[in-house]
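The lines below spell out each chain.
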Amino acid sequence: MPSFIPPEVLLLGPGPSPVPQRILDALARPTIGHLDPRFVGMMDDLKRLLRYAFQTGNELTIPVSAPGSAGMETAFVNVIEPGDTVIVCQNGVFGGRMRENVVRIGAMPVMVNDAFGTPIDLDKVRSALKANPGARALAFVHAETSTGVESDAAELCRLAQEHGALSIVDAVTSLGGIPVCADAWGADAIYSGSQKCLSAPPGLSPATFSARAMERVRARRSPVQSWFLDLGLVMNYWQGAGGRAYHHTAPINMLYALHEALLMLESEGLEAAFARHRANHERFRDGLQAMGMELLVAENCRLPQLNAVKVPEGVDEAAVRKRLLADFSIEIGAGLGELAGKIWRIGLMGAGSNPESVDRVLAALGACLDRKAP
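Values in this document were obtained by computation on a predicted structure and should not be read as measured data.

Before we go on, may I ask you to explain the overall build of the chain in this structure?
Each helix and strand counted, the chain has 13 helices and 14 strands in total. Scaling as 2.2 N^0.38, a compact globule of 374 residues should have a C-alpha radius of gyration of about 21 Å, and the chain matches this with 21 Å. C-alpha extents for the chain along the principal axes are approximately 60 × 55 × 40 Å. In the chain, buried positions account for 58% of the 374 residues. Here the analysis covers contacts within the chain between residues at least 6 apart in sequence; of these, 72% occur between residues at least 24 apart. Each charge sign in the chain was given a centre, from 35 positive and 40 negative side chains, and these centres are 2 Å apart.

Just checking my understanding: could you explain the side chain of Glu81 for this structure?
For Glu81, the position within the fold is in the loop between α3 (68–79) and β3 (85–90). Relative accessible area serves as the criterion here: at 1%, Glu81 is assigned to the buried category. In terms of polar contacts, Glu81 uses its side chain to reach the side chain of Ser222, at 2.6 Å. What Glu81 contacts, discounting residues up to four positions off in sequence, is Ile105, Ala107, Arg216, Arg220, Arg221 and Ser222.

Which parts of the structure should I look at to understand the layout of surface pockets?
To locate leftover empty space, one rolls a probe as large as a water molecule over the atoms. Of the volumes computed, that of the largest pocket is approximately 340 Å³. Lining the largest pocket we find Pro6, Pro7, Glu8, Val9, Leu10, Leu11, Ser17, Pro18, Val19, Gln21 and Leu24. At the level of secondary structure, the elements contributing two or more residues to the lining of the largest pocket comprise β1 (10–11) and α1 (21–27). Here the lining of the largest pocket is built from residues that sort into 8 nonpolar, 2 polar and 1 charged.

The rules behind these values
- As a convention, each chain's residues are numbered from 1 in the sequence order in which they are written.
- Only residues with pLDDT of 70 or above have their local features reported here, since the model is predicted, and side-chain atom pairs are shown and tallied only from 80 upward, although totals for entire chains, interfaces and linings are computed over all residues.
- Side-chain metrics rest on all non-hydrogen atoms present in the structure, leaving aside hydrogens and water.
- Strands here mean DSSP runs of E at least two residues long; helices mean DSSP runs of H or I at least four residues long; both are numbered from the N terminus.
- In this treatment the radius of gyration is a C-alpha quantity, and the globule benchmark scales as 2.2 Å times the residue count to the 0.38 power.
- Working definition: with a 1.4 Å probe on protein chains only, accessible area under 20% of the residue-type maximum means buried, over 50% means exposed, and in between means partly exposed.
- Contacts between residues were defined by any pair of non-hydrogen atoms, one from each residue, lying within 4.5 Å.
- His is not counted, nor are the chain ends, whereas Lys and Arg count as positive and Asp and Glu as negative.
- For the purpose of locating charges, the reference atoms are NZ of Lys, CZ of Arg, CG of Asp and CD of Glu.
- Identification of polar contacts relies on pairs of N or O atoms within 3.5 Å, with a donor-acceptor requirement for protein atoms, meaning one able to donate a hydrogen and the other able to accept it, and with residues adjacent in sequence counted only if both atoms are side-chain atoms.
- A cavity here means a set of 1 Å grid points, computed over protein atoms only, where a 1.4 Å probe fits but cannot escape. A pocket is an open set with protein on both sides within 12 Å along at least 5 of 7 lines, and lining residues have an atom within 4 Å of a point.
- Grid points are joined across faces, edges and corners, and a volume is the space filled by probe spheres set on the points.
- Charged residues are taken to be Asp, Glu, Lys and Arg, nonpolar residues to be Ala, Val, Leu, Ile, Met, Phe, Trp, Tyr, Cys and Pro, and polar residues to be all remaining types, Gly included.

Purely geometric stuff here, so don't read any function into it on its own.
Next comes the structure, spelled out in structure tokens:
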């Protein structure tokens, strides 16, 4: 059986995003031991770079050794215990996954539901917190990958604090693409993914936890239900005083890749990265409008890095995606949940956010739909 040689595909779906050669080269560097002092030094650099990305001074800012879904579970299983009440906001598919975590812990979710394609309603959240005094946490998605909507993370975190609740924030699609301000928001647990706006391969979940969140972890009455994701154990590997305690064999080469991706982000600068994502979104938006096409989400809450494009009436959306991949080597995403068949999700994330990608996907869409691209 021959080795697998993947084709060259322009990844413009909801993730993963294109991985630059510089990051692929980092993956191929020699593997050393996960307790090697030189690797430990790189881990310290990596934590500093992640603090820059999250805009935080949180001591426990680490990459969880698994994809973003494990980052989500890490946040929930550590700060939530059986019997707790958790306010969960759902305005897309990933809010539903938060609810699933709460249920599996044995806690009680109180749902705040909004239509897919709209941001979280702050008044509904305020009412839910008032109606559930003593709620342990407020959980919400900052950048909803299934719809392309940004919700007001700063105000949601403020509401949580006002009512004595912790905040759990999904920033999987936002980190590196739009501002994620852990300290300014007063957020308690934020998790992300390596494969979106950071443009590293999938497989790691950057996460940061406030001092308040860690106080909650230390005050638990019951053991964390996941041994692998127990921060009380993991933190001894990432920041053990007087030496690192073995917990698991870290994904060494993946950490090289994330380190390189974060160096690239730091070199570009956060504000420049945000401006680049915005500019390329606007170029894409203008091109769509010139072809008579529309975006799902209102402009005031629209993510620049994840574009939900309405499928024109009478168009077979799956056939278009299939042709884009087969004839143009471009991958885009389908709608999820109640938006299945109604939208395409076109990501302009990380290294995929550039004018060339925008023009290429617009031209390919124009060819598939028999519409003249600008």
